[in-house]
Protein chains: 2
Amino acid sequence: MIETPYLLFLGDAPDMLAAKVAIGIRDWRPENAVGQIRLPGCGADLGLADMTLAQAREAGAKTLVIGVANRGGVISQVWKDVLIEALMMGYDLASGLHNLLRDEGDLVAASQTYGGTLHDVRVATDGYPIANGKARSGKRCLAVGTDCSVGKMYTAMSMDAEMRRRGLKSTFRATGQTGILVTGHGVPLDAVVADFMAGSVEYLSPDNDDDHWDMIEGQGSLFHVSYSGVTMALVHGGQPDALILCHEPTRTHMRGLPDYALPTLEQLRDTALPLARISNPRCEVTGISINTQHMGEDEARDYLTDLEERMGLPATDPYRFGAGKLVDPLQRI
Amino acid sequence: MIETPYLLFLGDAPDMLAAKVAIGIRDWRPENAVGQIRLPGCGADLGLADMTLAQAREAGAKTLVIGVANRGGVISQVWKDVLIEALMMGYDLASGLHNLLRDEGDLVAASQTYGGTLHDVRVATDGYPIANGKARSGKRCLAVGTDCSVGKMYTAMSMDAEMRRRGLKSTFRATGQTGILVTGHGVPLDAVVADFMAGSVEYLSPDNDDDHWDMIEGQGSLFHVSYSGVTMALVHGGQPDALILCHEPTRTHMRGLPDYALPTLEQLRDTALPLARISNPRCEVTGISINTQHMGEDEARDYLTDLEERMGLPATDPYRFGAGKLVDPLQRI
């Protein structure tokens with residue numbers, strides 16, 4: 001659990017491309033950020049108030065979140081000057097960098113001296129249980145993809161926002177470092193030891209009100225041979241009542257695997273649904289989320305119309321056209 | 001890589017049930033064991049020569065392998081006296097205990113003083129790569145089960161032995177602690193971090209001669225919700241050319257999951273084969289291995305005959321009737 005609200009550290013990021021985490025926080029949990037702090041030469045700007053550490057502390061900020069990627073695989077001295085000053089002022093630090101905060105002696109020393117916590121969200125810290133497979137109360141939705149990086153996190157985030165907009169009970173359950181930093185909690189599933197993967201998903205998504213939905217962030221793909229085991233643990237540990245199929249239609253091969261073609265949405269449905277029903281026999285595929293960023297608007301609309309007819313399921317691009325079509329069916333489950 | 005040959009430490013094990021690892025070594029790699037060493041009160045006996053540490057060292061033993069489970073979750077002082085003396089004499093130590101050798105200060109100190117290595121085979125030590133999915137030369141066989149603990153390791157071990165008996169090229173590839181101690185190498189897959197599971201299986205089973213078979217030890221089950229992600233990583237990282245379906249017909253529910261029924265062998269075939277073909281389109285199901293330990297001999301034979309007719313595949317219990325029927329089809333691939 002990372003304490004909110006945050007001050008978002010943009011460092012000397014050259015541009016917005018480096019600021020994926022900070023953008024995620026601004027877009028999905030703006031209430032979690034009191035402002036941004038930038039170093040000289042920073043080319044990223046979230047449009048939030050620029051603040052000093054002291055100003056943000058006064059505004060209530062509890063944690064300084066590193067919202068940008070670093071350069072060259074090191075945490076530079078100019079960054080560290082700010083991070084250590086933040087610890088001195090009582091901040092916790094949170095980071096999804098490959099370089100761990102806990103591996104930097106000066107940061108560890110400062111955190112011990114001043115009492116702040118160093119959150120490295122790429123590292124699995126909890127002692128997760130072995131999955132027990134017991135049916136849990138409450139409802140769960142899981143996005144599964146034909147490939148990695150097709151929009152599963154965005155789909156779950158946007159459905160969660162739409163659910164809450166409608167006054168329905170919904171919680172986004174983060175399984176990757178961006179989602180964990182955005183929401184302040186979650187399980188970094190790809191860093192969990194194999195035996196405990198499904199158990200960590202059960203832990204992440206416990207018993208809840210009967211009309212409450214967990215929107216569980218998907219990872220990998222059942223068809224991506226590098227990460228399919230992680231996806232499988234989500235399908236079985238998550239016990240989804242609803243699956244959303246995610247796809248990016250212009251992709252020519254599986255991400256990072258030039259010899260592997262993408263499956264069709266039908267193949268994804270026919271593979272994922274029987275596997276999901278092992279842990280939750282009531283599971284249904286309730287919708288399709290298409291990442292149309294590389295398609296013109298007419299092309300995207302035609303594609304979605306054809307797809308709805310072909311598969312008999314609501315299909316949309318939640319980024320472009322909203323997540324309403326994906327949420328509607330959940331209200332009938 | 002654990003240096004062979006071994007001296008097998010049976011400690012003060014009350015009976016043979018506690019000696020699973022030592023029995024595995026004696027049965028599958030007798031050439032790896034120069035003898036056994038027992039403490040007063042030991043009720044286990046492998047039928048190997050009883051030796052002192054000095055005698056076994058003289059006979060060439062390189063590693064003292066803890067071949068039995070310990071009691072009460074501790075490594076007792078009487079055990080440690082032997083283990084430390086072994087380190088003083090130049091032995092390495094190897095263990096699959098939940099209590100790690102490396103967590104015992106006196107063993108660590110002795111290993112540092114005398115130079116012996118402490119092998120805790122439950123811990124993943126190598127830096128495994130992310131799986132790249134590239135087709136590898138050589139052939140691979142993987143046993144997949146309707147449940148955990150239905151005989152997948154035994155099936156692969158016995159097929160490997162039968163292959164070598166026929167003069168064919170075969171290597172057993174261990175993915176669990178017993179198999180690793182038996183053969184001296186392998187990957188403790190259930191202890192590998194999620195992102196690297198499939199990559200560790202690729203690492204375990206690299207390019208090889210076109211007529212060489214890796215007999216990859218299976219883990220878990222695609223239908224066992226606690227461990228299915230581990231199984232999935234084996235199916236995709238292993239790139240099997242041949243799948244063997246494993247089953248124990250008298251089991252009433254999935255191991256440790258009282259609410260879960262076992263799948264049928266048909267369900268296992270129809271689930272595992274399409275998934276395996278994602279990474280190896282040439283994969284076939286080539287045989288069925290039945291654990292008939294709870295059936296009379298006539299009952300077992302009738303069951304196997306019916307099964308062969310029902311599924312159109314060779315079916316046997318390799319422990320009871322030999323692994324020949326399972327190896328025959330591999331010679332035609």
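Now for a quick tour of the structure. Here the residue numbers are simple positions, counted from 1 along each chain's written sequence. Chain letters start at A and ligand numbers start at 1, both assigned in the order the entries are written. Per-residue local features of the predicted model are confined to residues with pLDDT of at least 70, and side-chain atom pairs are confined, for both listing and counting, to 80 or more; whole-chain, interface and lining totals are unaffected and use all residues. Each side-chain value is worked out from all heavy atoms of the structure, with water and hydrogens disregarded.

Counting from the N terminus, the helices are the DSSP runs of H or I reaching at least four residues and the strands are the DSSP runs of E reaching at least two. Of the regular secondary structure elements, chain A holds 12 helices and 11 strands. Both definitions apply: the radius of gyration is a C-alpha atom measure, and the globule rule equals 2.2 Å times residues to the power 0.38. Here the C-alpha radius of gyration of chain A, 20 Å, is about what a compact globule of 333 residues would show, namely 20 Å. Only protein chains enter the area calculation, which uses a 1.4 Å probe; residues under 20% of their type maximum are buried, those over 50% are exposed, and those in between are partly exposed. Expressed as a percentage of the 333 residues in chain A, the buried residues total 58%. Note on contacts: a residue pair is in contact if any heavy atoms of the two residues lie within 4.5 Å. Within chain A, counting contacts between residues at least 6 apart in sequence, those at least 24 apart form 75% of the total.

So, on to the state of the cysteines. In plain terms, two cysteine sulfur atoms within 2.5 Å form what is called a disulfide here. Following the criterion strictly, the structure yields 0 disulfides over all chains and no others. We note that Cys 141 of chain A lacks a disulfide partner, and the nearest cysteine sulfur, in Cys 246 of chain A, lies 8.8 Å from it. Note on Cys 148 of chain B: no disulfide assigned, nearest cysteine sulfur contributed by Cys 246 of chain B at a separation of 12 Å.

On to the interface of chain B and chain A, then. Each partner contributes to the interface: chain B provides 31 residues, whereas chain A provides 31 residues. A quick way to say it: buried area is the sum, across both parts, of accessible area lost when two parts are put together, with a 1.4 Å probe. Taking both sides of the interface into account, the surface hidden between chain B and chain A amounts to around 2500 Å²; carbon and sulfur atoms contribute 62%. A side-chain nitrogen of Lys or Arg and a carboxyl oxygen of Asp or Glu constitute a salt bridge if their distance falls within 4 Å. Viewed at the interface, chain A and chain B are joined by 0 salt bridges. We call two N or O atoms a polar contact when they sit within 3.5 Å, provided that within protein one can donate a hydrogen and the other can accept it, with sequence-adjacent residues counted only if both atoms are side-chain atoms. Between chain B and chain A we count 10 residue pairs in polar contact (both at pLDDT 80 or more) in total.

Turning to the nonpolar core, a few remarks are in order. In plain words, nonpolar cores are sets of buried Ala, Val, Leu, Ile, Met, Phe, Trp, Tyr and Cys residues tied together by side-chain atoms within 4.5 Å. If you look at the biggest cluster of nonpolar residues, it comprises 86 residues, and the most contacted ones within it are Leu 243 and Ile 288 of chain A together with Leu 243 and Ile 288 of chain B. Residues in contact with Ile 288 of chain B, not counting those within four places in the same chain, are Ile 244, Leu 245, Leu 265, Leu 307, Met 311, Leu 313, Pro 314, Ala 315, Thr 316 and Leu 326 of chain B.

Here we take up helix α10 (residues 297–311) of chain B. Helical geometry: 3.6 residues make up each α-helical turn, so side chains three or four residues apart lie on a common side. Residue and element names in this part refer to chain B. One less than the number of residues in a helix, times 1.5 Å, gives the span that helix is expected to have. Over its 15 residues, α10 extends 21 Å from the first C-alpha to the last, a length consistent with the 21 Å expected when each residue adds 1.5 Å. Of all the positions in α10, only Ala 300, Leu 304, Leu 307 and Met 311 are classed as buried. Buried residues of α10, viewed axially, fall in a sector of 65 degrees; they line one side. Exposed and oriented more than 90 degrees from the buried face of α10 are Asp 298, Asp 302, Asp 306 and Glu 309. The inward-facing, buried residues of α10 abut β9 (242–247), α9 (265–279), β10 (284–290), β11 (315–316) and α11 (318–321). Where α10 ends, the next residue or the one after it, Gly 312, has phi of about 65 degrees, a positive value. Comment: arc refers to directions from the helix axis out to C-beta atoms.

Below, the discussion takes up the packing of helix α3 (residues 77–88) of chain B against helix α4 (residues 105–114) of chain B. All names here are of chain B. Axis separation between α3 and α4 bottoms out at 9 Å; the angle between their running directions is 15 degrees. Taken together, the axes of α3 and α4 lie roughly parallel to each other. As α3 runs across α4, the sense of the crossing is right-handed. Facing Lys 80, Leu 83, Ile 84, Leu 87 and Met 88 of α3, the residues of α4 in contact are Asp 106, Leu 107, Ala 110, Ser 111 and Tyr 114. Each residue is assigned to one class: nonpolar for Ala, Val, Leu, Ile, Met, Phe, Trp, Tyr, Cys and Pro, charged for Asp, Glu, Lys and Arg, and polar for all the others, Gly among them. Looking at the contact of α3 with α4 residue by residue, the class counts come to 7 nonpolar, 1 polar and 2 charged. Only the contacting stretch of a helix is used when fitting its axis, a line to C-alpha atoms as for every element, and angles between N-to-C directions run 0 to 180 degrees. When an angle is under 35 degrees it counts as roughly parallel; over 145 it counts as roughly antiparallel; between 65 and 115 it counts as roughly perpendicular; any other value is oblique. It is the rotation of the near helix from the far one that decides the hand of a crossing: anticlockwise by less than a right angle makes it left-handed, clockwise makes it right-handed.

Residue and element names in this part refer to chain A. Of the two faces of strand β3 (residues 63–66), the one carrying Thr 63 and Val 65 and the one carrying Leu 64 and Ile 66 are both buried. Pairing analysis gives 4 bridges linking strand β1 (residues 6–11) to β3, with the strands arranged parallel. Looking across to β3, one finds that Leu 7 is bridged to Leu 64. Examined bridge by bridge, β3 and strand β4 (residues 92–95) share 3 bridges and lie parallel to one another. If you follow Leu 64 over to β4, its bridge partner there is Leu 93. Read from β3 through helix α3 (residues 77–88) to β4, the crossover connection turns out right-handed. Two strands qualify as a pair provided that DSSP identifies no fewer than 2 bridges between them. For a crossover, the right-handed case is the one in which the path from the first strand over the helix to the second runs clockwise, viewed with the strands pointing away from the viewer.

This brings us to the sheet that holds strand β1 (residues 6–11) of chain B. Residues and elements named next belong to chain B. Taking strand neighbours across the sheet as the criterion, the 5 strands line up as β2-β1-β3-β4-β5 in an open arrangement whose pairing is parallel. Strands with a single pairing partner mark the edges of an open sheet, and in this sheet they are β2 (33–38) and β5 (118–120). For this sheet, the mean inter-axis angle between neighbouring strands, taken without regard to orientation, is 20 degrees. Across the sheet, α3 touches β1, β2, β3 (63–66), β4 (92–95) and β5, and the angle it forms with β3 is around 160 degrees.

Residues and elements named next belong to chain A. Each patch is built from residues that are more than 30% exposed by relative accessible area and take part in no salt bridge. Like charges join if they lie within 9 Å; nonpolar side chains (Val, Leu, Ile, Met, Phe, Trp, Tyr) join within 5 Å. For the area figures, the Shrake-Rupley method with a 1.4 Å probe applies, and any residue is considered shielded solely by the protein chains shown. All tallies of charge rest on Lys and Arg as positive and Asp and Glu as negative; His and the ends of each chain are not included. The atoms used to mark charge sites are NZ of Lys, CZ of Arg, CG of Asp and CD of Glu. Judged by side-chain charge, Asp 298, Glu 299, Asp 302, Asp 306 and Glu 309 come together as a negatively charged surface patch. Mapped onto the secondary structure, Asp 298 falls in helix α10 (residues 297–311). Classification of Asp 298 by relative accessible area gives exposed; the value is 59%.

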